[in-house]
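Here's the letter readout for the chains.
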Amino acid sequence: MKKLALLIVFLATVSITAQDAIGVTVSVTIENVLSDKGTIIAGLHTAETFMKAPGVVNTTAPAKVGSTTLKFDNITPGTYAVMVIHDANDNKQMDMLNGMPQESYGNSGEMNLYGPPMFDSSKFEVTTENKEINIRF
């Protein structure tokens, strides 16, 4: 009986470890950061969270002039989009003036020049291989 219990615990541990290994890393390099003030905030979104809620996974890095790379680890395959802002004053939100963004921002895919970003033009597929994305402010 003890051997059977140990075998079940071992198999459960292997199963959990195998599930953890399924996820991949999505690396996002943000180019053209113009200031080292504040924080770069990035969210990995699904269609359900895009422009409506925090990402399904969020990450931050101190801003530095030039480029900054952020990583989302252990991401399961699916369809996602990335949204990024440079929160220069560290108030944890996009500052707006008369409806226009006052801080640098970007998203994966193509930017919509005449309105807010759209999920369909920002989405990409995560498969079983690591993914690299470049976003320019």
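That block above? That's the structure.
Notes on the structure follow. (Residues numbered from 1 in each chain as written. Predicted model: local features only at pLDDT ≥ 70, side-chain atom pairs only at ≥ 80, totals over all residues. Heavy atoms only, no water.)

### Concerning the overall build of the protein chain
Then, in step 1: Helix and strand counts for the protein chain stand at 2 helices and 10 strands.
Then, in step 2: Out of the 137 residues belonging to the protein chain, those deemed buried represent 35%.
Then, in step 3: Partitioning the contacts of the protein chain with sequence separation of at least 6, the portion at a separation of at least 24 is 70%.
Then, in step 4: Accessible surface, the protein chain as shown: approximately 8800 Å² in total, 57% of it carbon and sulfur. (Helix = DSSP H or I, 4+ residues; strand = E, 2+ residues; numbered from the N terminus. Buried < 20%, exposed > 50% of the residue type's maximum accessible area, 1.4 Å probe, protein only. Contact = heavy atoms within 4.5 Å. Areas by Shrake-Rupley, 256 points an atom, 1.4 Å probe, with all protein chains shown as cover.)

### With respect to the side chain of E103
Then, in step 1: With respect to the element layout, E103 can be found in the loop between β7 (100-101) and β8 (105-107).
Then, in step 2: Buried charge E103 goes without a salt bridge, the closest partner of opposite sign being K92 at 11 Å.
Then, in step 3: One polar contact links the side chain of E103 to the main-chain amide nitrogen of A88, over a distance of 3.0 Å.
Then, in step 4: Engagement of the side chain of E103 in a polar contact is seen with the backbone nitrogen of D95, the distance being 3.1 Å.
Then, in step 5: Apart from residues no more than four positions distant in its own chain, E103 is found in contact with H86, D87, A88, N89, Q93, M94 and D95. (Lys, Arg positive; Asp, Glu negative; His and termini not counted. Salt bridge = Lys/Arg side-chain N within 4 Å of Asp/Glu carboxyl O. Polar contact = N/O pair within 3.5 Å; in protein donor to acceptor, adjacent residues only side chain to side chain.)

### As for the layout of surface pockets
Then, in step 1: In this model, the largest pocket occupies a volume close to 670 Å³.
Then, in step 2: Contributing to the lining of the largest pocket are 30 residues, with M51, M83, I85, M94 and Y105 lying nearest its centre.
Then, in step 3: Within the residue set of the lining of the largest pocket, elements represented by two or more residues are β2 (39-45), β5 (78-87), β7 and β8.
Then, in step 4: It is β2 that contributes the most residues to the lining of the largest pocket, 4 residues altogether.
Then, in step 5: Residues of the lining of the largest pocket, tallied by class, amount to 18 nonpolar, 10 polar and 2 charged. (1 Å grid on protein atoms, 1.4 Å probe; cavity = no way out; pocket = protein on both sides within 12 Å on 5 of 7 lines; lining within 4 Å. Points joined across faces, edges and corners; volume = space filled by probe spheres on them. Nonpolar A, V, L, I, M, F, W, Y, C, P; charged D, E, K, R; others polar.)

### Concerning the nonpolar core
Then, in step 1: The biggest cluster of nonpolar side chains holds 21 residues, and the ones touching the most others in it are V26, I30, I40, F72, V82, V84 and F124.
Then, in step 2: When residues of this core are traced back to their parent elements, those giving at least two are β1 (24-33), β2, β4 (66-75), β5, β9 (124-126) and β10 (131-136).
Then, in step 3: Per-element tally for this core: the top contributor is β1, with 5 residues.
Then, in step 4: Those residues in contact with V26, other than ones at most four positions away along the chain, are L70, K71, F72, I75, F124, V126, K131 and I133. (Core = buried A, V, L, I, M, F, W, Y, C linked by side-chain atoms within 4.5 Å.)

### Concerning the environment of V24
Then, in step 1: With respect to the helices and strands, the residue V24 is situated in strand β1.
Then, in step 2: On the accessibility criterion, V24 (4% relative accessible area) is buried.
Then, in step 3: The spacing of V24 and E129 is 105 residues in sequence and 6.3 Å in space, taken between C-alpha atoms.
Then, in step 4: In this structure, V24 is in contact with F72, D73, N74, I75, V126, T127, T128, E129 and N130, ignoring residues within four places of it in sequence.

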